[in-house]
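# A closer look at the structure
Now for the letters of each chain:
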2 protein chains.
Amino acid sequence: MFNKYLMHISIILILIFMVCEISTYSYSSQDPVFKLVIHGGAGVILRENLTAEQEQAYRDKLKEALVAGHEILKDGGKSLDAVEAVIKILEDSPLFNAGKGAVFTSSGIVELDASVMDGATLKAGSVAGLKHIKNPISLARLVMEKSPHVMMVGVGAEKFAQEQGMGFVEQKYFFTERRWKQLQEEKAKERKSQLNKKKTVFNFSTSQQEAQKFGTVGAVALDKAGNLAAGTSTGGTTNKKFGRVGDSPIIGAGTYANNQTCGVSATGHGEYFIRSVVAYDISALMEYKGLSLKEAADKVVMDKLVKLGGSGGVIAMDKQGNIATPFNSPGMYRGSIDEKGKITIGIFKDE
Amino acid sequence: MFNKYLMHISIILILIFMVCEISTYSYSSQDPVFKLVIHGGAGVILRENLTAEQEQAYRDKLKEALVAGHEILKDGGKSLDAVEAVIKILEDSPLFNAGKGAVFTSSGIVELDASVMDGATLKAGSVAGLKHIKNPISLARLVMEKSPHVMMVGVGAEKFAQEQGMGFVEQKYFFTERRWKQLQEEKAKERKSQLNKKKTVFNFSTSQQEAQKFGTVGAVALDKAGNLAAGTSTGGTTNKKFGRVGDSPIIGAGTYANNQTCGVSATGHGEYFIRSVVAYDISALMEYKGLSLKEAADKVVMDKLVKLGGSGGVIAMDKQGNIATPFNSPGMYRGSIDEKGKITIGIFKDE
């Protein structure tokens, strides 16, 4: 009799233990999803053009940014904070065409653009043509949060930065030997191409068009509260002229975020991305046609953009934390990190 | 017998006559559709604020622009030509906030933005922050047709204009007593509002926000070849600061055209129009959800924008020549002209 009781109690205890285990397990699987996906630009990025050390440097920096963003999200931080922090790290690196690593314009200076969007409120901020701002993404966020405007450009935008107490950097901060060499190469190609052509009033050299490097950095984050945010920052294209602005500071083209659908940051031949309203088009295909994130992103990047002739890619995440990173160029620096800290990084097409 | 023949011949003649009539009728109904719709801005436009003379001046200028555009389309001209010609007329008038009639920035100067899009090719051109260009719409078209870029801003854009042989005007060309007075009024309101507020590092006065006049001009045309084109031009908002850019030069927000769906030119509180990607959203609702032009334009302007708090309106036309001109503000200067030269003009809500 006593043995029977003992057996019953043992079975009950085992059952209680199992229930506890199951509930613990189901609790962790129902933990809020929080994820981060980033890019460091798309373009003609081939294995043969990168040394092992260079490749490792890119992978290390992408990892550093992902881990920093993950820490913020893990601690319950906002997706906007993660996006800004991550893009600042990429802006501060000389590896990517944004902030410190920005390419030179035709006049030998640096002009920076950036934008950010909050998927919870559909608020957005955007800046273009900055010459003295170390972290354009932070100024884009200030425009969004501290002004009634969405977009500010040039000297005016920097005046706003000053009134907001943001420090300035001299142009020399942005000088890197590598980018200066790229500019000289572009200018040499341009001269050669112009010599080969008959006199024209005005001419954009083919080399300049070919040289579009699509250098951009961007991030999309989903936080524990279920809010999506997206941001993009760039130095534009080497040897750019005439105050050219690409898609990075254009809400709907280079950046878009909406909690109902997805967050998107684009990188590519900006002109095609503006004409195709790339970032918002992915959102619209999900909202109006019921496509999944992957279907929508693939449709826009691998079909519509290809037909129009636009090269590049996007990183995108939906409200469930699904991620898509399609690109139609040879390569795209990209990476993501999930709730468990699992990191995925890619550069080339075959990975 | 002879009478019977006569009767038969008469009946045959009558039938031939009827068939001819019907075929004539059906021929004319199958003539290519060509139409034009324009706007001169939306906002707090009320009967009590306009004298009879002022109202007549607006109606006359809208009519003049419509007739000029109609002549181009009637002669088989391109929708792009009609859009440019019509917007130039509105830019050259002191009545509208674009070109000659542009409002002053906080610094007491004029800064102009414009954009244009070709529905046949999805090519687009856009300019922002111009200070010396009489007709920004023409420079936007040059950017589209003579450069590999879509958007150029500030001094760079004007350098491109110069290389293209476009003449410059001095800032004094844009001076109008009326706009100068408006700026002084805004500045007085701003001072008053700042005095009433505790010390803040930075403050946008409520008066400034209220004063958004949504002054813009725009046109959408469908030509005999079935091509849609859209364009928009603006001086921005009175007392604007910090290089603020609104939706007018943003492809997808202020302007969009696609032969598969529609052409759109928007006018309103630009920040909301950028965040809502207004012009492209109308196109997306038609393409992806199968809405009619009217349903799509109403959904965006009268529902989605209202929910977000964005005031203003759009003019839109689909490839069949259907026209929609919804606005959620008290008034919008607008007009259209059809193949037969029939003109419709409206200013207030109740017409």
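Structure first, text after, so check above.
What comes next concerns the included structure. Here the structure is a predicted model, which means the values were calculated and not measured.

## Some remarks on the relation of the copies chain A and chain B
- For the pair chain A and chain B, the relating rotation is 180°, the translation along its axis is 0.0 Å, and the fit reaches an RMSD of 0.2 Å. Accordingly, the operation relating the two chain copies is best matched by a two-fold axis. For chain A, the minimum C-alpha distance to the rotation axis belongs to Y288 of chain A and amounts to 2.8 Å.
- Most of the interface of chain A is mirrored in chain B, where 100% of its interface residues are also at the interface.

## A look at unusual backbone geometry
Residues and elements named next belong to chain B.
- Positive phi values are uncommon outside glycine, yet N239 reaches one of about 70°.
- Checked against the element boundaries, N239 lands in the loop between strand 6 (228-234) and strand 7 (244-245).
- N239 sits in the buried class, given a relative accessible area of 0%.
- Even without glycine at this site, F242 takes up a positive phi of about 60°.
- By the secondary structure assignment, F242 is in the loop between strand 6 and strand 7.
- Assessed through its relative accessible area of 7%, F242 is described here as buried.

## Some details on the interface of chain A and chain B
- Contact with chain A, which involves 45 residues of that partner, is made by 45 residues of chain B.
- Taken together, the two surfaces of chain A and chain B that pack against each other cover about 4000 Å², and 68% of this comes from carbon and sulfur.
- In terms of surface lost to chain B, no three residues of chain A exceed F242, R275 and Y288 of chain A, which account for 19% of the buried area on that side.
- The interface formed by chain A and chain B contains zero salt bridges.
- The interface formed by chain A and chain B holds 18 residue pairs in polar contact (both at pLDDT 80 or more) in total.
- Elements with a contribution of two residues or more to the side of chain A that touches chain B: strand 3 (123-130), strand 4 (151-153), helix 5 (154-163), helix 7 (206-210), strand 7 (244-245), helix 8 (270-275), helix 9 (278-289) and helix 10 (293-308) of chain A.
- A per-element tally of the side of chain A that touches chain B places helix 9 of chain A first, with seven residues.

## What about the side chain of S329 of chain A?
Residue and element names in this part refer to chain A.
- When you line up the elements, S329 lands in the loop between strand 11 (323-324) and strand 12 (331-337).
- Take S329: its relative accessible area is 1%, and that puts it in the buried class.
- In terms of polar contacts, S329 uses its side chain to reach the backbone carbonyl oxygen of G331, at 3.1 Å.
- Excluding residues within four positions of it along the chain, S329 makes contact with A42, G43, S311, G312 and K349.

## What to know about the nonpolar core
- Y280, I282 and V314 of chain A together with Y280, I282 and V314 of chain B are the most contacted members of the largest nonpolar core, which has 92 residues in total.
- Once residues within four sequence positions are removed from consideration, V314 of chain A is found in contact with V264, S265, A266, F273, V278, I282, A297, V301, A324, T325, P326 and M332 of chain A.
- Core analysis: the second largest hydrophobic core is formed by 52 residues, L50, L80, A221 and I347 of chain B among them.

## What to know about helix 6 (residues 177-195) of chain B
All names here are of chain B.
- In this model, helix 6 (19 residues) spans 27 Å end to end at C-alpha, consistent with the 27 Å of a helix rising 1.5 Å per residue.
- Within the sequence span of helix 6, burial applies to R179, Q182, L183, E186, E190 and S193. One side of helix 6 carries all its buried residues, which in axial view fall inside an arc of 100°. Opposite its buried face, helix 6 presents the exposed residues E177, K181, R191, K192 and L195, each directed more than 90 degrees away.

## Topic: the packing of aromatic side chains
- Counted by the stated rule, this structure contains 19 aromatic pairs over all chains.
- Ring centres 5.1 Å apart and planes at 85° place the aromatic pair F104 of chain A and W180 of chain A in the edge-to-face group. One end of the pair, F104 of chain A, is in the loop between helix 3 (79-92) and strand 2 (112-118); the other, W180 of chain A, is in helix 6 (residues 177-195), and 76 residues separate them in sequence.
- Judged by relative accessible area, F104 of chain A falls into the buried class, the value being 3%.
- Classification of W180 of chain A as partly exposed rests on a relative accessible area of 31%.
- Look at Y173 of chain A and F174 of chain A: their rings are 5.0 Å apart centre to centre, the planes differ by 75°, and that puts the pair in the edge-to-face class.
- One aromatic cluster in this structure is built from Y256 and Y280 of chain A together with Y256 and Y280 of chain B.
- Its guanidinium or amino end placed over the ring of Y173 of chain A, K100 of chain A lies 5.1 Å from that ring's centre, counting from NZ or CZ.

## What to know about the side chain of N135 of chain A
All names here are of chain A.
- Tracing the sequence through the fold places N135 in the loop between strand 3 and helix 4 (136-146).
- For N135, a relative accessible area of 9% translates into the label buried.
- Ignoring any residue separated from it by four or fewer positions in sequence, one finds N135 in contact with K88, E91 and D92.

## Quick look at the packing of helix 9 of chain A against helix 9 (residues 278-289) of chain B
- Viewed as axis vectors pointing N to C, helix 9 of chain A and helix 9 of chain B meet at an angle of 40°, and their least axial separation amounts to 10 Å. Comparing their axes, helix 9 of chain B and helix 9 of chain A come out oblique. Relative to helix 9 of chain B, the crossing made by helix 9 of chain A is right-handed. Counted together, Y280, D281, A284, L285, Y288 and K289 of chain A of helix 9 of chain A and Y280, D281, A284, L285, Y288 and K289 of chain B of helix 9 of chain B form the full contact between these two elements.
- Partitioned by chemical class, the residues of the contact of helix 9 of chain A with helix 9 of chain B number eight nonpolar, no polar and four charged.

Conventions we followed
- Residues numbered from 1 in each chain as written.
- Chains lettered and ligands numbered in written order.
- Predicted model: local features only at pLDDT ≥ 70, side-chain atom pairs only at ≥ 80, totals over all residues.
- Heavy atoms only, no water.
- Least-squares fit on C-alpha atoms with pLDDT ≥ 70 in both.
- Contact = heavy atoms within 4.5 Å.
- Helix = DSSP H or I, 4+ residues; strand = E, 2+ residues; numbered from the N terminus.
- Buried < 20%, exposed > 50% of the residue type's maximum accessible area, 1.4 Å probe, protein only.
- Buried area = accessible area lost by both parts, 1.4 Å probe.
- Salt bridge = Lys/Arg side-chain N within 4 Å of Asp/Glu carboxyl O.
- Polar contact = N/O pair within 3.5 Å; in protein donor to acceptor, adjacent residues only side chain to side chain.
- Core = buried A, V, L, I, M, F, W, Y, C linked by side-chain atoms within 4.5 Å.
- Expected span 1.5 Å × (residues − 1).
- Arc of directions from axis to C-beta.
- Phe/Tyr/Trp six-rings, centres within 6.5 Å; stacked < 30°, edge-to-face > 60°.
- Lys NZ or Arg CZ within 6 Å of the ring centre and 35° of its normal.
- Axes fitted to C-alpha atoms, helices over the stretch in contact; angles between N-to-C directions.
- Parallel < 35°, antiparallel > 145°, perpendicular 65-115°, else oblique.
- Left-handed = near helix turned anticlockwise from the far one by under 90°.
- Nonpolar A, V, L, I, M, F, W, Y, C, P; charged D, E, K, R; others polar.

Nothing here speaks to function; it is geometry throughout.
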